[in-house]
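# Tertiary structure, described
Listed here are the chains, written in short residue letters.
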Amino acid sequence: MHDMDSITSALHQSTSEGLQAIYRKEIEAVYHQENGFAQAALGQANRAVKRRQDLYTLINQADEIEKQLQSARAEHQNVKETLDAANRQAELANQRQQVARAKVESLRSALSLWEAYARQGVPLKLDKVVDIC
């Protein structure tokens, strides 16, 4: 009977060791599988963080471009106002030039009239010529 108990004990021990080995292998397989899942999730998280950083960079660039655009619009408005003022000044200058030409033409006519009277021997004072014109 003692031999049977030894055999039974040895059998239980061998079965227990076999089951432990199987459980260990199963635990290692689950560990490796879960570790793989964790590594994949970590990779996805790292890509998401990188993408978020890229988006923040793009947002910052867009903000800078918006500031530059606002500055360019303000400068464009200033240039437009300056150009409008210059055009008004040019129009006034043209009007003054036309008035000056008319005055010069009037004075030329007065001078011609004065010279015509002078050739005929009729002395006229300049203020009379201007009054006639």
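Check the entry above for the structure.
### What about the overall build of the protein chain?
Counting its secondary structure elements, the protein chain contains two helices and zero strands. Buried residues in the protein chain amount to 2% of all 133 residues. On the protein chain, roughly 11800 Å² of surface is accessible, and the fraction owed to carbon and sulfur atoms is 58%.

### Some details on the pattern of salt bridges
The tally for this structure, following the rule as stated, stands at three salt bridges. The closest approach of N and O atoms between Lys-50 and Asp-54, which form a salt bridge, is 2.9 Å. A residue pair is termed a helical-turn pair when its members lie 3 or 4 positions apart in one helix, as Lys-50 and Asp-54 do in helix H1 (residues 2-119) at four residues. Lys-50 sits in the partly exposed class, given a relative accessible area of 47%. Asp-54 gets classed as partly exposed once you look at its relative accessible area, which sits at 30%. Of the charged contacts, one joins Arg-108 and Glu-105 as a salt bridge, the two residues approaching to 3.8 Å between their closest N and O atoms. Of this pair, Arg-108 and Glu-105 both sit in helix H1, three residues apart, which is roughly one turn of that helix.

How each quantity is defined
Residues numbered from 1 in each chain as written. Predicted model: local features only at pLDDT ≥ 70, side-chain atom pairs only at ≥ 80, totals over all residues. Heavy atoms only, no water. Helix = DSSP H or I, 4+ residues; strand = E, 2+ residues; numbered from the N terminus. Buried < 20%, exposed > 50% of the residue type's maximum accessible area, 1.4 Å probe, protein only. Areas by Shrake-Rupley, 256 points an atom, 1.4 Å probe, with all protein chains shown as cover. Salt bridge = Lys/Arg side-chain N within 4 Å of Asp/Glu carboxyl O.

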